[in-house]
Amino acid sequence: MEMQTEKIIKVLSLNHYIMGHATYQNILEKTFQEHIQEIEFNSLHLPDYFKGDFLGRLLYWLLSKQLPGAHKVDYDFHRFRTELATSFFARRCLERALKNYQPDVLHLHTQAIAYLAAPLLKKFPSVVSIDNTAALLSRDRPFPSPITCRPIVEVERQCFRAADHIITWSERARRSVIDDYGISPTKVTHIHPGVPLELFFGISPQEKSTHSKPRLLFVGNDFVRKGGEDVLAVFMESLSDICELDIVTNASFNLNSTTNVRIHRGIGAFSPEIIKLYTASDIFVMPTHEEVYGIVFTEAMAAGLPCIGTTVMAVPELVQDGVNGFTVKPRDRTALREAILKLINDPNLRLSMGQAGREIAKKQFDAIMNCQQIAKIFAELSAQNKNIDLKE
């Protein structure tokens, strides 16, 4: 990788470390450590700090407490207060770490932990990476979301202005940072979260077309929001005799006795168990009701699986309708069944869409290639001269 400087660039990275963000941080850590030696990637995990900060936990509890009945209209701005409380924690975590470690670049993911860190972002060359914006959420979600998100948009604006560079997971989020927040396009870059493609090299899409009964794969702990109930209902109503279904989730739900359905719990991201399931499957299906990105789609594409997703948020950037799979409207079980049947009844279509998805994954979702792009941003920012004085 061509870098602007030969010195080791020290990066201090703090991650929200929930759901898919934890997976993202794990990929960054592993990729930088094993493949990009020019970057010293020092990763902080917010939950670890949370356990040892009693005062912070107390303040978090007070700020995030929801008033009775407020969940229906959010008149107490519960989401906003909770994110401020999380950002308060993040700043305390960073300040403690900075007493013992002087980085060349600060990296925070996502902006929800960076709201109160603006003074630090101004003192160090800084990168904030995001998967979505409050401005997009205010349009995507029904009332009271527009009211809830209004103050969040304003603190996000200040955060984006304070950071030296913004990395977005999707083109949709990149356009929002530029158009909704007035941030210069020169400081906003779209870089997909990468996938360790080497884990999927042994999976052959050609072999998948020989199964007597095609196997569907659903992955999602948030079972209802990810469309798990829709998949299960469609399968039990009309598909259980012609295909099989594997469900990976830790959610609890009622499942009547039925054949050809297997539930898998306690399976981690990129574990041997999940790779084995990708290898054995023919079709990936997650008709999610809401999904600001969807890393599992990129994993399925790397495995050579045709994907069925929905038309929500950034999913169509990943599942290109008619190319590497199909997108249907959320909760439309008729359209979902038709999309599944198209792939079940046409092995050649499964194969061609799976191969198309794998080619997209090689070009857009390679963890090494994408981290190299991030490393170049770190290198450019590390050359900036900032007055680093935490005593101010």
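Given the structure is predicted, the values throughout are model-derived calculations rather than measurements. (Residues numbered from 1 in each chain as written. Predicted model: local features only at pLDDT ≥ 70, side-chain atom pairs only at ≥ 80, totals over all residues. Heavy atoms only, no water.)

(A) Structural detail: a nonpolar patch on the surface. Residues Phe54, Leu55, Leu58, Leu59, Trp61 and Leu62 make up a contiguous nonpolar surface patch of roughly 620 Å² in combined accessible area. The residue Leu59 is located in helix H3 (residues 54-64) in this model. Under the relative-accessibility criterion, Leu59 is labelled partly exposed at 30%. (Patch = residues over 30% accessible without salt bridge, like charges linked within 9 Å, V, L, I, M, F, W, Y side chains within 5 Å. Areas by Shrake-Rupley, 256 points an atom, 1.4 Å probe, with all protein chains shown as cover. Salt bridge = Lys/Arg side-chain N within 4 Å of Asp/Glu carboxyl O. Helix = DSSP H or I, 4+ residues; strand = E, 2+ residues; numbered from the N terminus. Buried < 20%, exposed > 50% of the residue type's maximum accessible area, 1.4 Å probe, protein only.)

(B) Quick peek at the side chain of Gln25. Topologically, Gln25 is positioned in helix H1 (residues 19-35). Here the side chain of Gln25 touches Ser43 through a polar contact of 2.8 Å, side chain to side chain. When neighbours within four sequence positions are excluded, Gln25 is seen to be in contact with Ser13, Asn15, Tyr17, Phe41, Ser43 and His107. (Polar contact = N/O pair within 3.5 Å; in protein donor to acceptor, adjacent residues only side chain to side chain. Contact = heavy atoms within 4.5 Å.)

(C) The arrangement of the packing of helix H4 (residues 78-98) against helix H7 (residues 145-162) in detail. Remark: H4 packs on H7, axes separated minimally by 8 Å, with the N-to-C direction vectors making an angle of 30°. Contacts between H4 and H7 involve Arg79, Phe80 and Glu83 from the first element and Thr148, Pro151, Ile152 and Val155 from the second. Considering only residue class, the contact of H4 with H7 consists of four nonpolar, one polar and two charged. (Axes fitted to C-alpha atoms, helices over the stretch in contact; angles between N-to-C directions. Nonpolar A, V, L, I, M, F, W, Y, C, P; charged D, E, K, R; others polar.)

(D) The arrangement of the pattern of salt bridges in detail. Under the counting rule described, the total for this entry stands at 20 salt bridges. In this structure, Glu95 and Arg91 form a salt bridge, with 2.9 Å as the shortest nitrogen-oxygen distance. Taken together, the residues span about one helical turn, with Glu95 and Arg91 both in helix H4 at a distance of four residues. Assessed through its relative accessible area of 33%, Glu95 is described here as partly exposed. You can call Arg91 partly exposed: its relative accessible area is 28%.

(E) Region of interest: the pairing of strand E2 (residues 39-45). Pairing of strand E1 (residues 9-15) with E2, which is carried by seven bridges, proceeds in the parallel orientation. Residue pairing in the sheet places Asn15 in a bridge with His45 of E2. With respect to chirality, the unit in which E1 leads through H1 into the neighbouring parallel E2 is right-handed. (Pairing = 2+ DSSP bridges. Right-handed = clockwise from strand over helix to strand, strands pointing away.)

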